[in-house]
Amino acid sequence: MEFVVNSIPVDLSRLSGLLCVAAPEHKTDLDGVTRKDREGNALWVTGVAVRRAGTRKASVIDVQTSAEPEGVTEGSPVGVTELDVSLWEIEGRHGLSYKAASVYPVRPRTEGGAGPAPVPTAPQRERGGKATTS
């Protein structure tokens with residue numbers, strides 16, 4: 001029996017220090033077959049370290065996307081758009097699942113800047129639609 005709660009949006013303004021700790025790779029089933037979304041797009045998973053702003057402790061989450069996170073490499077700072085979390089339970093096991101519209105690379109700001117700057121503009125996704133660029 002499977003139990004999934006509707007996805008809940010994550011307040012990204014409360015997170016800081018997002019860092020790719022596991023490079024993007026195709027999400028696969030137990031037989032190694034690439035999983036796909038409802039539209040037939042291959043799913044990707046990226047390991048991201050996050051921490052709540054103002055705290056020291058970090059957690060690593062696997063973020064699933066329908067679009068390949070281009071330019072994201074292990075050890076690089078990243079940004080995430082439209083991050084949602086869902087609670088799941090299957091055959092006595094349970095956990096959290098994270099999905100985002102995109103995971104994209106950011107670069108540090110130069111002289112006098114505060115925090116990282118996005119590069120390039122992250123693709124935005126209309127709810128239930130395809131990625132668009134601004």
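The coordinates are above.
Description of the structure in this document.

What counts and what doesn't
- Residues numbered from 1 in each chain as written.
- Predicted model: local features only at pLDDT ≥ 70, side-chain atom pairs only at ≥ 80, totals over all residues.
- Heavy atoms only, no water.
- Helix = DSSP H or I, 4+ residues; strand = E, 2+ residues; numbered from the N terminus.
- Buried < 20%, exposed > 50% of the residue type's maximum accessible area, 1.4 Å probe, protein only.
- Areas by Shrake-Rupley, 256 points an atom, 1.4 Å probe, with all protein chains shown as cover.
- Patch = residues over 30% accessible without salt bridge, like charges linked within 9 Å, V, L, I, M, F, W, Y side chains within 5 Å.
- Salt bridge = Lys/Arg side-chain N within 4 Å of Asp/Glu carboxyl O.
- Core = buried A, V, L, I, M, F, W, Y, C linked by side-chain atoms within 4.5 Å.
- Contact = heavy atoms within 4.5 Å.

On to the overall build of the protein, then. Looking only at helices and strands, the protein features zero helices and 12 strands. Start at the N end of the protein and walk to the C end: the helices and strands fall as β-β-β-β-β-β-β-β-β-β-β-β. Taking all 134 residues of the protein together, the buried fraction comes to 29%. Carbon together with sulfur atoms contributes 50% to the accessible area of the protein, which is approximately 9200 Å² in total.

The subject of this paragraph is a nonpolar patch on the surface. A cluster of nonpolar side chains, contributed by Leu19, Val21 and Val60, occupies part of the molecular surface with about 220 Å² of accessible area. Here leucine 19 is to be found in strand S3 (residues 15-26). Judged by its relative accessible area of 32%, leucine 19 is partly exposed.

Once that is clear, we can look at the nonpolar core. Counting residues in each nonpolar core, the largest one holds 14 residues, and the members touching the most others are Val48, Ile61, Val63, Val78 and Leu83. Secondary-structure elements contributing two or more residues to this core are S3, strand S4 (44-52), strand S5 (58-65) and strand S6 (78-81). For valine 78, the residues in contact, after removing those within four places along its chain, are Leu18, Leu19, Cys20, Val48, Val72, Val103, Tyr104, Pro105 and Val106.

Even without glycine at this site, glutamate 82 takes up a positive phi of about 50°. Checked against the element boundaries, glutamate 82 lands in the loop between S6 and strand S7 (84-90).

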